[in-house]
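Spelled out, the chains give:
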Amino acid sequence: MRNTLATFVFTCLIASLSFAQQLPYLPESTFQGGEKLRYKLKYGILNAASAYLQVSDSNLKFGPDPTFRLFASGSTSGAFSLYTVKNKYESYINKRTLLPYLYVENIQEGSYSREEYASFDHKNRTVTGKKGTFKSSKPQFFDLVSAYYFARNLDFSKLKKGDKFDINYFLSSGISELSVEYIGVEKIKTALGTLECIKLSPEISPGRIFKKDSKLYLWVTNDGNRIPVKAHVEILIGSVTLELVSAEGLKYKLGQRASYSK
């Protein structure tokens, strides 16, 4: 179950980023320091894990521009607490460009542990981690956490149903690519009320976790904040759902449309 949860959460984090090379970048950030988001991950009807995301202003300097510190954590809950998972992720990004400077990862899953420390060189399109230095084929590339926040600042206004795009992102063993399809706009019920959302479908590979015909769907608010509120996928046995349960410090009122809304 550990690998099921990790694969699902990681895919959801990077899913929105797929449009980075195709759409114009919004001139003003959709988030601010002090934002806090909490999620629950369910396996069927059972609570399996919880996740937490936070943005804060950072005093670390990597250049002339100020920096955001992005923090994410995830841990098992309920019956799944018998297998302890406590993962933490940090990313330091440029406040103006939202591109990452530094990525830190601390993984604790049962008796397994791993740490990652990666630095980004966007001038030379390289990222250096514990397993070496890797070259990106595209000028914009990210870690898992910065990918999620950068994606919230893309202009989706010209997307058409069925459009697909690719993006590069870094994991410990190198740089990978993800393809995502734009499905459309629809309203869904959430713990925070009924919200109009942009619906996306990230590409997934069948195998040990997903069925041959499995589809992963992600719903992102079609408002000024652009936050994922739900994700769902059918797996070999049952289904996995990620849901937003609380949101604090948002830059805009939840559900408040912006000039860049669809």
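All of the points below concern the structure found in this document. (Residues numbered from 1 in each chain as written. Predicted model: local features only at pLDDT ≥ 70, side-chain atom pairs only at ≥ 80, totals over all residues. Heavy atoms only, no water.)

## A short note on the packing of aromatic side chains
- Applying the stated criterion across every chain yields a total of 11 aromatic pairs.
- Consider the rings of Phe62 and Tyr92, whose centres lie 6.3 Å apart with planes at 45°: the pair is tilted. A residue pair is termed long-range when its members are at least 10 positions apart, and Phe62 in the loop between strand 2 (46-58) and strand 3 (67-76) and Tyr92 in strand 4 (residues 86-94) qualify at 30 residues.
- With a centroid separation of 4.5 Å and an interplanar angle of 70°, the aromatic rings of Tyr148 and Tyr149 are classed as edge-to-face. Of the two residues examined, Tyr148 and Tyr149, each falls in the buried class.
- In textbook terms, an aromatic cluster arises when at least three aromatic residues are bridged by ring pairs, as seen for Phe31, Phe68, Tyr148 and Tyr149.
- Lying across the ring of Tyr217, Lys199 places its NZ or CZ 4.4 Å from the centre.
- The ring of Trp219 has Lys230 lying over it, and the distance from NZ or CZ to the ring centre is 5.4 Å. (Phe/Tyr/Trp six-rings, centres within 6.5 Å; stacked < 30°, edge-to-face > 60°. Helix = DSSP H or I, 4+ residues; strand = E, 2+ residues; numbered from the N terminus. Buried < 20%, exposed > 50% of the residue type's maximum accessible area, 1.4 Å probe, protein only. Lys NZ or Arg CZ within 6 Å of the ring centre and 35° of its normal.)

## Let's talk about the nonpolar core
- Residues Leu37, Tyr149 and Val229 are the most contacted members of the largest nonpolar core, which totals 58 residues.
- Among the elements that make up this core, the one with the highest residue count is helix 2 (residues 144-151) (6 residues).
- Once residues lying within four places of it in the same chain are set aside, the contact partners of Leu37 are Ala51, Tyr52, Leu53, Tyr148, Arg152, Ile227, Leu244, Ser246, Ala247 and Leu250. (Core = buried A, V, L, I, M, F, W, Y, C linked by side-chain atoms within 4.5 Å. Contact = heavy atoms within 4.5 Å.)

## A word on the environment of Gly224
- Within the secondary structure, Gly224 sits in the loop between strand 13 (216-221) and strand 14 (228-234).
- For the pair formed by Gly224 and Ser259, sequence separation is 35 residues and the distance between their alpha carbons is 8.1 Å.
- With sequence-adjacent residues up to four places away left out, Gly224 is seen in contact with Thr30, Tyr252, Gln256, Ala258 and Tyr260.

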